[in-house]
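The chain contents come next:
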Amino acid sequence: MANSAKAKGTINSGFESDEKKSKDEPKVEVEMAASPEASDENSREQWSNPIEFLLSCIAMSVGLGNVWRFPFVALENGGGAFLIPYILILLFIGKPLYYMELCLGQFASAGSVRVWDLAPAFRGVGYGQAVATWAVVTYYVSLMALTVFYFFGSFASVLPWSVCNPDAQINCISKDDNITALGLNASTVVSSADAYFKNEVLKSDANGLANGIDAPEWRLSLCLLFSWVVLFIILAKGVQSSGKAAYFTALFPYLVLFIMLIRGATLPGASEGILFFITPRWEKLADPGVWYAAVNQSFFSLSVGFGSIIMFSSYNSFRHNVYRDAAIISVTDTLTSLLAGFTTFAILGHLAHLLDIPLEKVVKSDGTSLAFISYPEVLSRFEWAPQLFAVLFFLMLFTLGVGSASALTGCIITFICDEFPAFKKWMVTLAVCVVGLLLGLFYVTPQGQYILTLVDHYGAGFIIFILAITEVAAVQWVYGIMNFCRDIEFMLKRKTGLYWKFCWAILIPVMLAFIFIYGQYKAKPLESSGYVFGAGANAFGICIAVFACLLIPIFFAVEVFRRRDEAGSLLQAVKDSFKPNADWCPKDPILRREYRQFKESQKPELVGIDNPLPPVASSVSLASQNTNGSAAPVTQYNTSV
């Protein structure tokens, strides 16, 4: 009986007695406190799903530059002759740069300034990109305001740009006027669309900036306010709200482009325009100016070098396949440019047929006139529902503008929030939009288009070339191409091929430097619509460019100053500023530990009597060694790809 009672309870009395002993023993409770880095990782917002990231990148890259800038640049550089250098530049410069920036942002989970933890000496590149991005944003939204103005004008029973204002000059012709019957010279007349854009919308000052800057045009100011309100609504909640908007901003323009292409291809003269677009002129390939224009267009179209790509990818999960996305986005951007080119040249061919002039003379000034003069003129001549096509066209332009402007503005917001994490995102977004609105008022003055040309030349094109060259050299030469490829291998579990290494380390920096130097050597006095900018205006533009470029040495000095006490000497502080700091690693603590193990496994194996332990075992602390002399088990990271 006693034995049965003793045996009652469990068949493992030893375990029961051990359990009782453990209850009597004192216990030590350890509370694991989350590290600040882990907190940062958890607090950083992410895309709701990968599709929103992909569509947002497409909406950013496929913008106004594809629809009016690309056709105009192609028209200026020989039509089909421009396609060959443009595609080659995209393959060997645009796409590799896009992939590099996607990898930088995703690996560091940081914006375009904090990402320079990989080489702090070049942190000024991120600040310079912020200046260039802000310069582009301020005038880009003003172009959106023009599309809003035309959008509301498209609802009129008679399109306002289809008829001449009674007070217009005597050589203005409406859409129904016959130039030959009136005995006018086609080269001297002004279309009603041209007169409407310059005199009614812009109220442009023919004297340029010579007479100072007048007050903003009130109707355009309201359209500018509307544009910034839309951007604030999209960006107020970060990528959670902008990602949802991308479903419309990325897809709707394709619907309109296909509608316009089908309609344009059926018009008389469309075939001549399309043939001009696809017929190569081989002699143009020997002109470095064509290649310079191709690089400019590629940068403007893909938004490479502005920091917005880094910003978008910083909200990805660490293992997201940006290799696939880079291929999809670059191909989509190229095909969209070609689609817009076919559509535009079909329209221009029809317009040249109507006016009986060479196609090269249809667009008289720049890409803006293509969008707001040539396109509206053709739309007004549609026999069936011209208002419908006008509404669709200008809604498409506004949608394209929203996609790109939200990315560029989001880059500025991310930069501020990364530097000042205590600030609420919606408050930062509101402040950025208000300041952008106030600065944008300069572009809706009678001198606005001249200011736009000035800021675009010095604040975007000039700066971005220098920053892109410095960015590639810093990542691939200073941080090291092998280190960068190692980081990509850890993040994406794939090796980096020779094509990428060759483009990053050799082709891109050399080609960009050569093309930039050539462009400055061949540069002509800056002008807009026949107005040549004076010394004061050029000095202002140069100040913008110099300020952005000076941020590189300024923040280099700041980084050296921060390290001078720890380094012990000025020379050592300089050397340390070129090395990645401790923050250049995945933000997730588990991934960070795996990354350090992965880096150790990538080091060359040391052999010989001075290195008795294998590399992995030697990296384990002495406390992890067993008393019997055998090494504690170490979890190996699987580096197979």
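Preceding this section is the structure that the text describes.
Just so it is clear, the structure is predicted and the values come from calculations on it, not from any experiment. (Residues numbered from 1 in each chain as written. Predicted model: local features only at pLDDT ≥ 70, side-chain atom pairs only at ≥ 80, totals over all residues. Heavy atoms only, no water.)

## Some details on the packing of helix α7 (residues 123–153) against helix α9 (residues 192–201)
- Running from N to C, α7 and α9 point in directions that differ by 110°, and their axes come no closer than 13 Å. It follows that α7 is roughly perpendicular to α9 by the angle criterion. Note that α7 runs across α9; the crossing there is right-handed. Contact with α7, carried on its side by Leu146, Phe149 and Tyr150, involves Tyr196, Phe197 and Val201 of α9 and no other residues of that element.
- Of the residues in the contact of α7 with α9, the class split is six nonpolar, no polar and no charged. (Axes fitted to C-alpha atoms, helices over the stretch in contact; angles between N-to-C directions. Helix = DSSP H or I, 4+ residues; strand = E, 2+ residues; numbered from the N terminus. Parallel < 35°, antiparallel > 145°, perpendicular 65-115°, else oblique. Left-handed = near helix turned anticlockwise from the far one by under 90°. Contact = heavy atoms within 4.5 Å. Nonpolar A, V, L, I, M, F, W, Y, C, P; charged D, E, K, R; others polar.)

## Considering the environment of threonine 332
- Following the sequence through the fold, threonine 332 ends up in helix α15 (residues 322–355).
- In the structure, threonine 332 is positioned 274 residues away from isoleucine 58 in sequence and 7.4 Å away in space, judged by C-alpha atoms.
- There is a polar contact of 2.6 Å between the side chain of threonine 332 and the backbone oxygen of isoleucine 328. (Polar contact = N/O pair within 3.5 Å; in protein donor to acceptor, adjacent residues only side chain to side chain.)

## Examining the packing of aromatic side chains
- The final tally for this structure, using the stated rule, is 53 aromatic pairs.
- Geometrically, the ring pair formed by phenylalanine 490 and phenylalanine 598 is tilted, given 5.5 Å between the ring centres and 40° between the ring planes. With phenylalanine 490 in helix α19 (residues 448–492) and phenylalanine 598 in helix α23 (residues 589–602), this pair connects stretches of sequence that are 108 residues apart.
- On the accessibility criterion, phenylalanine 598 (1% relative accessible area) is buried.
- Seen from the ring of phenylalanine 490, arginine 319 lies directly overhead, with NZ or CZ sitting 4.7 Å from the centre.
- Lying across the ring of phenylalanine 561, arginine 564 places its NZ or CZ 3.8 Å from the centre. (Phe/Tyr/Trp six-rings, centres within 6.5 Å; stacked < 30°, edge-to-face > 60°. Buried < 20%, exposed > 50% of the residue type's maximum accessible area, 1.4 Å probe, protein only. Lys NZ or Arg CZ within 6 Å of the ring centre and 35° of its normal.)

## Digging into helix α21 (residues 535–567)
- Its 33 residues give α21 an end-to-end C-alpha distance of 46 Å, which sits within 8% of 48 Å, the value for a rise of 1.5 Å per residue.
- Of all the bends in α21, the greatest reaches close to 30° and is centred on leucine 551; the proline proline 553 follows between one and four positions later. (Expected span 1.5 Å × (residues − 1). Bend = angle between axes of the 7 residues up to and from the residue.)

## Regarding the nonpolar core
- Judged by nonpolar contacts, the single largest core of 186 residues is most densely connected at Leu397 and Leu512.
- Ranked by residues supplied to this core, first place goes to α19 with 21 residues.
- With residues near it in sequence (within four places) discarded, leucine 512 still touches Ile93, Leu97, Val295, Phe299, Phe465, Ala468 and Ile469.
- Among the nonpolar cores identified, the runner-up in size contains seven residues, and Leu454, Tyr458, Leu526 and Phe533 belong to it. (Core = buried A, V, L, I, M, F, W, Y, C linked by side-chain atoms within 4.5 Å.)

## Some thoughts on the packing of helix α17 (residues 386–419) against helix α18 (residues 425–440)
- Running from N to C, α17 and α18 point in directions that differ by 130°, and their axes come no closer than 10 Å. One way to sum up the angle between α17 and α18 is to call them oblique. The interaxial crossing formed by α17 with α18 has right-handed handedness. Contact residues: Thr409, Ile412, Ile413, Ile416 and Cys417 in α17; Lys425, Val428, Thr429 and Val432 in α18.

## So, the pattern of salt bridges
- Across all of its chains, the model carries 14 salt bridges by this definition.
- Ionic pairing is found between aspartate 194 and lysine 198, a salt bridge with its closest N-O pair at 3.5 Å. Here lysine 198 and aspartate 194 lie together in helix α9, a separation of four residues that amounts to about one turn.
- Of the charged contacts in the structure, one is a salt bridge between lysine 495 and glutamate 489, with a shortest N-O distance of 3.1 Å. (Salt bridge = Lys/Arg side-chain N within 4 Å of Asp/Glu carboxyl O.)

## Some thoughts on a nonpolar patch on the surface
- A surface patch of nonpolar side chains, amounting to about 530 Å² of accessible area, comprises Trp218, Leu222, Leu225, Val229 and Ile233.
- Here valine 229 lies in helix α10 (residues 218–235).
- A relative accessible area of 40% means that valine 229 is categorised as partly exposed. (Patch = residues over 30% accessible without salt bridge, like charges linked within 9 Å, V, L, I, M, F, W, Y side chains within 5 Å. Areas by Shrake-Rupley, 256 points an atom, 1.4 Å probe, with all protein chains shown as cover.)

## Some details on the side chain of arginine 123
- Along the polypeptide, arginine 123 turns up in helix α7.
- Residue class for arginine 123 comes out buried when judged on its relative accessible area of 8%.
- Reaching out from arginine 123, the side chain makes a polar contact with the side chain of glutamate 559 at a distance of 2.9 Å.
- Apart from the residues within four sequence positions on either side, arginine 123 is in contact with Val113, Arg114, Trp116, Asp117, Glu559 and Asn581.

## Here we look at helix α5 (residues 64–76)
- End to end, α5 covers 17 Å across 13 residues, agreeing with the expected 18 Å (1.5 Å per residue, within 8%).
- At phenylalanine 70, α5 is deflected by roughly 30°, the largest bend along its length, and proline proline 71 occurs up to four residues later in sequence.
- With 11 of 13 residues buried, α5 lies mostly within the body of the structure.
- Those residues of α5 lying buried are Leu64, Gly65, Asn66, Val67, Trp68, Phe70, Pro71, Phe72, Val73, Ala74 and Leu75.
- Directly after α5, the chain includes glycine 78, whose backbone phi takes a positive value near 95°.

## With respect to the side chain of glutamate 101
- Mapping glutamate 101 onto the fold places it in helix α6 (residues 80–108).
- Ignoring sequence-local partners within four residues, the contact set of glutamate 101 consists of Gln129, Val304, Gly305, Ile309, Ile310, Ser313 and Glu471.

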